[in-house]
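Coordinate analysis (summary)
Chain residues, written in single-letter form:
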Amino acid sequence: MKAVVYQGPRKVAVKDVAEPAIQAPTDAIVRLTTTNICGSDLHMYEGRTSVEEGKILGHENMGIVEAVGAGTDRVKVGDRVSVPFNIACGSCRNCESGWTSFCLRTNPIEGMDGAAYGYANMGPYDGGQAELLRVPYADFNLLELPQGTEHENDFTMLSDIFPTGWHGTELARMQPGDKVVVFGAGPVGLMAAHSAMIRGAAEVFVVDKAKDRLDLAGKIGATPVDFSKADPAQQILDATGGRGADCGVEAVGYQAHDGTGQEHPELVLDNLVKSVRSTGGIGVVGVYVPEDPGATSDLAKEGRIAFQYGTFFSKGQHMGTGQAPVKRYNRRLRDLIIAGRAQPSFLVSHELPLSQAAEGYERFDKREAGWTKVLLKP
Ligand code: NAD
Ligand code: ZN
């Protein structure tokens, strides 16, 4: 079958690889209908991680069940499913309490809890930017979708970024009526803004400098804030009578830059601490990498970020972090889509055949104007 494989910094190619097979009775094989390129794939694409060459990428997957193992009885061949990016066993202590993103059993790497498809440090699992994908613990992990093709580009956001954006608002302990600030108008930030609106925010500020992405934020009713024009924290303070937002979401990650191309991994955390009111919450879903001696950047080697912890402490704020436990939210978010109350497909900019994956990666990585979210259609 064809699959997108990592070939070194800024190089991916569509290659012929062996088809996946059922390895355990709890496995299923899914034939992909849509698989997205994510900002998280860019950490690997840019050569910032220790991901090995030849790895099949892709953790935002949906499709039709092609085969099931003998121990699988809920999921059936022919079912249309969304595949959460977390690979979870369903029966460890963390899975039982809803933290499937920190499953204690599926990642064999010492010190790492939580596994994902096609990802550095997240276990030996192939990704789904391919024709077929092996899904472990299929009965537990797969979310059933209505048959047919309706809402394909909405449902494809259920594997990662819609639940991740929602999780950002949850980690920030957002309440209806809150003023919410979201840093990053990439796909994840826009999903956090969409989630905050659905959850009854009084106002949502979205900070970025990419005009096309800020325009999208404006289109869904958020207030765009351009950080290249003036200090973004000051802009939020000015817009909230000096009080600050009630809570905030970090949807940028350690590759935060100052607009001139210079990276400052602490910049967005500092701006959130400044622009959220005292006792307010901050949800960090932008990725910060753990210590990874094999990584190429110093930051990723050490996994250390120096942000204004003293101000954070003085303001009595709280912060939640980490990979999103997709299963905790995806059923309800699916039903919001079906009910017409959520339309996460608003951010889709490109639908490409799998064969054009390399172009999709290159242009999304450059954050070329208009390349907001790229879907691959195997
Ligand atoms: P992305 O990387 O394109 O989005 C980041 C956006 O942040 C860009 O639009 C960029 O212009 C903007 N930005 C850069 N510096 C900024 C600054 N100083 N202030 C404000 N905005 C700034 O793609 P994405 O897919 O939206 O990913 C965002 C982050 O979310 C990545 O770190 C990704 O790895 C992470 N992510 C986390 C999870 C999770 O489960 N926690 C899941 C998916 C993605
Ligand atoms: Zn993703």
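Residues numbered from 1 in each chain as written. Chains lettered and ligands numbered in written order. Predicted model: local features only at pLDDT ≥ 70, side-chain atom pairs only at ≥ 80, totals over all residues.

**So, the site of ligand 1**
Threshold: In this analysis a residue is considered near a molecule or strand if the C-beta atom, reconstructed from its backbone, is found within 6 Å of that molecule or strand. Put simply, DSSP marks the helices as runs of H or I at least four residues long and the strands as runs of E at least two long, and each gets a number from the N terminus on. Lys, Arg, Asp and Glu make up the charged group, whereas Ala, Val, Leu, Ile, Met, Phe, Trp, Tyr, Cys and Pro make up the nonpolar group; the residues left over, Gly among them, are polar.
Close to ligand 1 lie 31 residues; Gly39, Ser40, Gly186, Val188 and Gly253 are nearest. Broken down by secondary-structure element, the contributors of at least two residues to the shell around ligand 1 are α1 (39-45), α5 (161-171), α6 (187-198), β11 (203-208) and α9 (267-275). Residue contributions to the shell around ligand 1 peak at three residues, all from α6. For the shell around ligand 1, a count of residues per class yields 17 nonpolar, ten polar and four charged.

**So, unusual backbone geometry**
Look at Arg10: it is not a glycine, yet its phi comes out positive at around 60°. Of note, Arg367 is a non-glycine position whose phi angle comes to about 50°, a positive value. Position of Arg367 among the secondary structure elements: in the loop between α13 (357-365) and β17 (374-377).

**A closer look at the nonpolar core**
Our working definition: Think of a nonpolar core as buried Ala, Val, Leu, Ile, Met, Phe, Trp, Tyr and Cys residues, each tied to the set through C-beta atoms within 7 Å. Counting other C-beta atoms within 10 Å of a residue's own tells you its class, since 20 or more makes it buried, 12 or fewer makes it exposed, and anything in between is partly exposed; those C-beta atoms are placed from the backbone. Domains are outlined according to an automatic or database domain assignment.
Within the largest apolar cluster, 111 residues are counted, with the highest numbers of intra-cluster contacts made by Val30, Val182, Phe205 and Val206. In terms of residue count, the dominant contributor to this core is α6 (six residues). Taken together, domain 1 (2-160 + 325-377) and domain 2 (161-321) each give at least three residues to this core, which thus spans both.

**A few points about the domain arrangement of the protein chain**
As a reminder of what qualifies: The contact criterion used here is simple: two residues whose C-beta atoms, placed from the backbone, lie within 7 Å are in contact.
Along its sequence, the protein chain is carved into domain 1 (2-160 + 325-377) and domain 2 (161-321). Once you take the C-alpha centre of each, domain 1 and domain 2 turn out to be 25 Å apart. Each partner contributes residues to the interface: domain 1 has 27 residues there, and domain 2 has 25 residues. Counting only elements with at least two residues in the side of domain 1 that touches domain 2, the list comes to α1 and α12 (330-338).

**Observations regarding the pairing of strand β1 (residues 2-6)**
The side chains of a regular strand alternate between both faces of the sheet. Convention followed: At least two DSSP bridges between two strands are needed for those strands to be called paired.
The buried count for β1 comes to four of five residues, which makes it a mostly enclosed element. In this sheet, strand β2 (residues 12-16) lies alongside β1 in antiparallel orientation, the contact comprising five bridges. Across the sheet, the residue bridging to Val5 is Ala13, located in β2. Hairpin connection, β1 to β2: the antiparallel pair is bridged by five residues, and Gly8 has positive phi, about 120°.

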